[in-house]
Amino acid sequence: MTVMEDSYLALEDGSVFPGRAVGAPGTATGEICFTTSMAGYQEAVTDPSYHAQVLVFSYPLIGNYGVADSRLESDRVWTRGVIMRRSRPVWSRWLAEQDVVALEEVDTRALVRHVRSVGAMRCGLGQASPTDLIAAAKAEPHLDFERGQAESLMAPPLAVEAGTPVARVFGEGPRVAVMDFGCKRSIVANLVKRGLEVHLVPPTWGVAQILGLDPRVVLIGNGPGDPAQLGEPVQAIRGLLGQTEVFGICLGHQLLGLALGLKTFKLPFGHRGANHPVRVRETKRVLVTVQNHGFAVEADEAAAVSHISLNDGTVEGLEGDGFFSLQFHPEAAPGPHDARPFFDRIATACRSAPTSARS
């Protein structure tokens, strides 16, 4: 573990929070965000949805049950940096081995309150002067497409970077095609556990390529960035509607909303944690959910909204003829299992589809 004094977190609004570097040496930049989860720290940093972000853990002690390869949600760490109040040595050493810039001894309570008040913003962290870190933060591209359009047009969307470059197959059984924009391993594992053959396909695939697999169901997976930047995938999803049943999770929910003609917007500071209450509109049942997203689908009276956030009233699910999506994470790795039946619904749809998948 590398321990260095005189390290800082600096936000683009000029706010500076001192800390102690416990990860890899150097500096990092990204959009700051926070999670309220008390567990799942290893799953969080390896979740591709955190691509280009700096993650603040609001829980005061991180790393208290160690690290294990079985908890990885991908084959690498996607967060640009990690901010903590206190870090256990084994966890700090692991972050350093993964080349992740990390700080502890930061006043995370004050930091989270500030982000909640001001909103998501760019930041810089590491062993450098606050002035240099603020300048680096301001040079970082915006994650939202509208504000960072010039930078976005110069680089591939984050979700394309996070997705698989080649198609991959897992499991056996009725076939489900998963559009991979940074899909978590636990999502694939939940599908395989239910006896399905999962085809993880690149985010650049079009309608003909996806339907060429003869899937019974298409699932649009989670991933990072602004859904408004993914015009071609939205067109592909629009072409899939009516051809096969379509499901979506997180970013996939947002892309489905865009394909249905709805709009998306950036949340002030996002939803990230393992205890977000969501009401099922049809039954008024309340689910405790795991969430990780910075964008949301705008409410529309014509939209088939199936789930609503009890925290801020935002859309948490869409359902209609041939489609169903959730803004939250039904795999909940880790977290409450209230939404796990989502995968049972996909399995049922696969087995009742009128066409047979090639095996």
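Whatever comes next refers back to the structure up there.
Residues numbered from 1 in each chain as written. Predicted model: local features only at pLDDT ≥ 70, side-chain atom pairs only at ≥ 80, totals over all residues. Heavy atoms only, no water.

**Observations regarding the nonpolar core**
So, point 1. Grouped together as the largest cluster of nonpolar side chains are 28 residues, with contacts concentrated most on Met179, Phe181, Ile210, Ile220, Ile237, Leu255 and Leu318.
So, point 2. Where this core is concerned, the elements lending two or more residues are strand S11 (175-179), strand S13 (217-220), helix H9 (231-240), helix H10 (251-259), strand S17 (305-309) and strand S18 (315-320).
So, point 3. Ranked by the residues each element gives to this core, the list is headed by H10, at five residues.
So, point 4. Setting aside residues up to four positions removed in sequence, Met179 forms contacts with Val201, Ile210, Val218, Leu219, Ile220, Gly221, Ile237 and Leu240.
So, point 5. One finds Leu191, Val217, Phe247 and Ile346 within the second-largest nonpolar core, a separate group that totals 27 residues. (Core = buried A, V, L, I, M, F, W, Y, C linked by side-chain atoms within 4.5 Å. Buried < 20%, exposed > 50% of the residue type's maximum accessible area, 1.4 Å probe, protein only. Helix = DSSP H or I, 4+ residues; strand = E, 2+ residues; numbered from the N terminus. Contact = heavy atoms within 4.5 Å.)

**Considering the packing of aromatic side chains**
So, point 1. Going through the model one piece at a time under the given rule, you end up with eight aromatic pairs.
So, point 2. Between Tyr41 and Tyr65 the ring centres are 4.5 Å apart and the planes differ by 35°, which places this aromatic pair in the tilted class. Here Tyr41, found in helix H1 (residues 41-45), pairs with Tyr65, found in the loop between strand S5 (61-62) and strand S6 (81-83); they are 24 residues apart in sequence, far enough to count as distant.
So, point 3. The interplanar angle of 80° and the centroid separation of 5.7 Å between the aromatic rings of Phe342 and Phe343 together place this pair among those described as edge-to-face.
So, point 4. On the basis of relative accessible area, Phe342 is assigned to the buried category, the value being 3%.
So, point 5. Three or more aromatic residues joined by ring pairs make a cluster, and in this case those are Tyr41, Tyr65, Trp91 and Trp94.
So, point 6. Just above the ring of Trp78 sits the side chain of Arg76; from NZ or CZ to the centre is 3.8 Å.
So, point 7. Residue placement shows Arg345 over the ring face of Phe324; its charged tip is 4.0 Å from the ring centre. (Phe/Tyr/Trp six-rings, centres within 6.5 Å; stacked < 30°, edge-to-face > 60°. Lys NZ or Arg CZ within 6 Å of the ring centre and 35° of its normal.)

**Section: the pairing of S13**
So, point 1. Alternating positions in S13 separate into two faces, Val217 and Leu219 on one and Val218 and Ile220 on the other, with burial throughout.
So, point 2. One ladder, built from four bridges, connects S11 with S13; its direction is parallel. The residue bridging Ala177 from the neighbouring strand is Val218, located in S13.
So, point 3. The parallel pair S13 and strand S14 (residues 245-249) is bridged by H9, and the resulting crossover is right-handed. (Pairing = 2+ DSSP bridges. Right-handed = clockwise from strand over helix to strand, strands pointing away.)

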